[in-house]
Amino acid sequence: MAWLREEARKRGVTLKRLEVEAQTEAMIDHHASKGNVWADHDAVWRRWMRNYLAGWGRGPIPSGRSSPSGEAFRV
C-alpha cells in the first residue's frame, strides 16, 4: 500500500478503502475471466491501480477530491 499512498499523494487524490478493495477484486475477476497469468502479480496490480488513478474506466479523478464509495482514508 505504500506505493499506492505515494501515487495518490502525487495526484492529490483521496481514495476510499472500499474503492481500493473493489478495484482489486475487479482486476482479479477481469484477468481470471481471460485466463491471464503473470510472474509478478504485484506489478499487474500496480498497473491496474495506476490506470484507475488516471481515470481509466470512470473519468479523471479531480485533484484533491474523493470518490463517493466506502470508508474514507488517505492512502
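Source: prediction; values computed, not measured. (Residues numbered from 1 in each chain as written. Predicted model: local features only at pLDDT ≥ 70, side-chain atom pairs only at ≥ 80, totals over all residues. Heavy atoms only, no water.)

**A short note on the environment of Gln23**
Working step 1: The residue Gln23 is located in helix α2 (residues 17-34) in this model.
Working step 2: Given the relative accessible area of 15%, Gln23 is considered buried.
Working step 3: Residues Gln23 and Trp45, spaced 22 residues apart in sequence, show a C-alpha to C-alpha distance of 9.2 Å.
Working step 4: Residues in contact with Gln23, not counting those within four places in the same chain, are Trp48, Met49 and Tyr52. (Helix = DSSP H or I, 4+ residues; strand = E, 2+ residues; numbered from the N terminus. Buried < 20%, exposed > 50% of the residue type's maximum accessible area, 1.4 Å probe, protein only. Contact = heavy atoms within 4.5 Å.)

**Concerning the packing of α2 against helix α3 (residues 41-53)**
Working step 1: One way to put it is that α2 packs onto α3 with a least axis distance of 10 Å and a crossing angle of 120°. Classed by the angle they form, the pair α2 and α3 counts as oblique. The crossing of α2 and α3 is right-handed. Residues Glu19, Val20, Gln23, Thr24, Ala26, Met27, His30 and His31 of α2 touch α3, and the partners they reach there are Val44, Trp45, Trp48, Met49 and Tyr52.
Working step 2: The residue makeup of the contact of α2 with α3, split by class, is eight nonpolar, four polar and one charged. (Axes fitted to C-alpha atoms, helices over the stretch in contact; angles between N-to-C directions. Parallel < 35°, antiparallel > 145°, perpendicular 65-115°, else oblique. Left-handed = near helix turned anticlockwise from the far one by under 90°. Nonpolar A, V, L, I, M, F, W, Y, C, P; charged D, E, K, R; others polar.)

**Concerning the packing of aromatic side chains**
Each aromatic ring pair is characterised by the separation of its centres together with the angle its planes make.
Working step 1: One pass over the full model with this rule turns up one aromatic pair.
Working step 2: Ring centres 6.0 Å apart and planes at 65° place the aromatic pair Trp3 and Trp45 in the edge-to-face group. Of this pair, Trp3 sits in helix α1 (residues 2-11) while Trp45 sits in helix α3, and the two are 42 residues apart along the sequence. (Phe/Tyr/Trp six-rings, centres within 6.5 Å; stacked < 30°, edge-to-face > 60°.)

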